[in-house]
Amino acid sequence: MDKEFIATLIMDFFVAFGVVIGGAIVGGIGAFLIGKPPLSTINDLATGLKIWAMVAAIGGTFDAIYSIERGIYDGSHIDIAKTLFMIFAALSGAHSGGVLIQWITQEA
């Protein structure tokens, strides 16, 4: 793997992580302002934002699907592997953000 691809994986991880953390915390501020319980709202938002964090991190689902399609039909299996690694990195970042939010809020 080249340095550029590893840098992409790191960026995918932290973009997904940041979307979950940032979205949940800012949503918790909004919940506080309207009188809802902020900690449970933060936890619920973190859970709901995971899929959107993955989509934001990999740059939209159509690019990933096109890369997989190109790998299957054009015989470029490295594209499939790279796309799967990118999805895994984004999934790991989103899950890490969710686990951190659960740890902070002490919600199950």
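Rules of the game
Residues numbered from 1 in each chain as written. Predicted model: local features only at pLDDT ≥ 70, side-chain atom pairs only at ≥ 80, totals over all residues. Heavy atoms only, no water. Helix = DSSP H or I, 4+ residues; strand = E, 2+ residues; numbered from the N terminus. Rg over C-alpha atoms; globule rule 2.2 N^0.38 Å. Phe/Tyr/Trp six-rings, centres within 6.5 Å; stacked < 30°, edge-to-face > 60°. Lys NZ or Arg CZ within 6 Å of the ring centre and 35° of its normal. UniProt positions renumbered as here; feature names shortened; annotations may be inferred. Expected span 1.5 Å × (residues − 1). Buried < 20%, exposed > 50% of the residue type's maximum accessible area, 1.4 Å probe, protein only. Contact = heavy atoms within 4.5 Å. Bend = angle between axes of the 7 residues up to and from the residue. Axes fitted to C-alpha atoms, helices over the stretch in contact; angles between N-to-C directions. Left-handed = near helix turned anticlockwise from the far one by under 90°. Nonpolar A, V, L, I, M, F, W, Y, C, P; charged D, E, K, R; others polar.

**Some details on the overall build of the chain**
Counting secondary structure elements, the chain contains four helices and zero strands. What you see in the chain, going N to C, is helices and strands ordered as α-α-α-α. By the compact-globule yardstick of 13 Å for 108 residues, the chain is too spread out, its C-alpha radius of gyration being 16 Å. Taking the principal axes of the C-alpha coordinates as reference, the chain spans close to 55 × 25 × 20 Å.

**Observations regarding the packing of aromatic side chains**
By convention here, two paired aromatic rings are described through the distance between centres and the angle between planes. Applying the stated criterion to the full structure yields three aromatic pairs. Aromatic pair Phe 14 and Phe 17: ring centres 6.4 Å apart, planes at 75°, arrangement edge-to-face. Of this pair, Phe 14 and Phe 17 both sit in helix 1 (residues 3–33), three residues apart, which is roughly one turn of the helix. Aromatic ring contacts, followed pair by pair, group Phe 13, Phe 14 and Phe 17 into a single cluster. Sitting above the plane of the Phe 5 ring, Lys 82 keeps its charged end 5.4 Å from the centroid.

**Overview of the UniProt feature "transmembrane region" (unreviewed entry) in the chain**
In this numbering, the UniProt entry assigns the feature "transmembrane region" (unreviewed entry) to residues 12–34, 49–68 and 80–104. The span residues 12–34 shows a helical share of 96% and a strand share of 0%, and its end C-alpha atoms are spaced 33 Å apart. Between the end C-alpha atoms of residues 80–104 there is a gap of 36 Å, over a span that is 100% helix and 0% strand.

**Some points on the environment of Phe 85**
Locating Phe 85 in the fold gives a position in helix 4 (residues 77–105). Sequence separation between Phe 85 and Met 54 is 31 residues; the distance between their C-alpha atoms is 12 Å.

**Brief notes about helix 1**
For the α-helix, the turn length of 3.6 residues means that residues three or four positions removed from each other point alike. Its 31 residues give helix 1 an end-to-end C-alpha distance of 44 Å, which sits within 8% of 45 Å, the value for a rise of 1.5 Å per residue. Looking only at helix 1, the buried set comprises Phe 5, Leu 9, Asp 12, Ala 16, Val 20, Ile 21, Ala 24, Gly 28 and Ala 31. The inward-facing, buried residues of helix 1 contact helix 2 (38–57) and helix 4. Positioned one or two residues after helix 1, Gly 35 has a phi angle of 90°, which is positive.

**Notes on helix 2**
The sharpest bend along helix 2 measures roughly 45° and falls at Leu 49. As for helix 2, its buried residues are in contact with helix 1 and helix 4. Positive backbone phi, approximately 80°, marks Gly 59, located one or two places after helix 2.

**Observations concerning the packing of helix 1 against helix 2**
Interaxial distance between helix 1 and helix 2 falls to 7 Å at its minimum, and their mutual angle equals 145°. Here helix 1 runs over helix 2; the crossing is right-handed. In this structure, helix 1 contributes Asp 12, Val 15, Ala 16, Val 19, Val 20, Gly 23, Ala 24, Gly 27, Gly 28, Ala 31 and Phe 32 to the contact, and helix 2 contributes Pro 38, Thr 41, Ile 42, Leu 45, Ala 46, Leu 49, Lys 50, Ala 53, Ala 56 and Ala 57. Residues that form the contact of helix 1 with helix 2 fall into these classes: 15 nonpolar, four polar and two charged.

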